[in-house]
Amino acid sequence: YRSFMVAAGAEQGVALNSPVLGQLGDRLVAIGLIVEVRPKTAIVLLLTDELSSAAAFLTSASSVTAMGETPSSYDGLLQGQGDARLRINYLSPDAQINVGDLVYTSPTSVTFPPDILIGKVVKVHPLDPFLTYQSVEVQSALEASRVKEVMILKQATGTAERLAETARAAMGGEAPIEDEEGKQP
């Protein structure tokens, strides 16, 4: 399963690039995003597809201090591999990562809300002396074949425009002018 169709489309307010979440017990799990919208249906591209990527972080309880274990987190880029596994690249070469560490959506993600479970680390690749980063394999927390229903999140109106303006301002352009409600005059 690299994609699937849902029975909700433009008529129900579904928009392109909307994040799609599934449920595993009482937890929400990131499973994909909308890549095609029709009037009554939409296509969800799974995170496991080789065309998918998302900003992610993993938490590791490998840092031991005098007070006990202190969890550390490491940011990277989650990429689909075309099968049930995912890969996170661009992790710090100094990161202490263990099999079983949990992987979540990053606060820096443009598509997904932060801190949504993605899966867990199942393999830590050995450091390559020619690369400046580590990579790990991740097992998705929710297999596509087990998805019964999904939650499609609506993106706030104007989010993309506000992000673009903020990026331009950070790069030396003019800063956006907003009133108390976040609207521009």
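Preceding block: the structure.
In this text, all values refer to a predicted model and were calculated from it rather than measured experimentally.

Rules of the game
Residues numbered from 1 in each chain as written. Predicted model: local features only at pLDDT ≥ 70, side-chain atom pairs only at ≥ 80, totals over all residues. Heavy atoms only, no water. Phe/Tyr/Trp six-rings, centres within 6.5 Å; stacked < 30°, edge-to-face > 60°. Helix = DSSP H or I, 4+ residues; strand = E, 2+ residues; numbered from the N terminus. Pairing = 2+ DSSP bridges. Buried < 20%, exposed > 50% of the residue type's maximum accessible area, 1.4 Å probe, protein only.

### A short note on the packing of aromatic side chains
Alright, step 1. Following the criterion strictly, the structure yields two aromatic pairs and no others.
Alright, step 2. Ring centres 4.6 Å apart and planes at 50° place the aromatic pair Tyr90 and Tyr133 in the tilted group. Taken together, the positions of Tyr90 in strand E7 (residues 85-91) and Tyr133 in the loop between strand E9 (117-124) and strand E10 (134-140) put the pair 43 residues apart, joining distant regions of the chain.

### Considerations on the pairing of E9
Alright, step 1. As paired strands, strand E8 (residues 102-105) and E9 are joined by three bridges and run antiparallel to one another. Pairing of Tyr104 across the sheet is with Leu117, part of E9.
Alright, step 2. Pairing of E9 with E10 involves five bridges; the strand directions are antiparallel. Bridge pairing in E10 places Gly119 opposite Ser140.

### Remarks on the environment of Gly32
Alright, step 1. Along the chain, Gly32 falls in strand E3 (residues 27-37).
Alright, step 2. On the basis of relative accessibility, which here comes to 0%, the residue Gly32 falls in the buried class.
Alright, step 3. Once the C-alpha coordinates of Gly32 and Phe4 are considered, the two residues, 28 residues apart in sequence, prove to be 9.8 Å apart.

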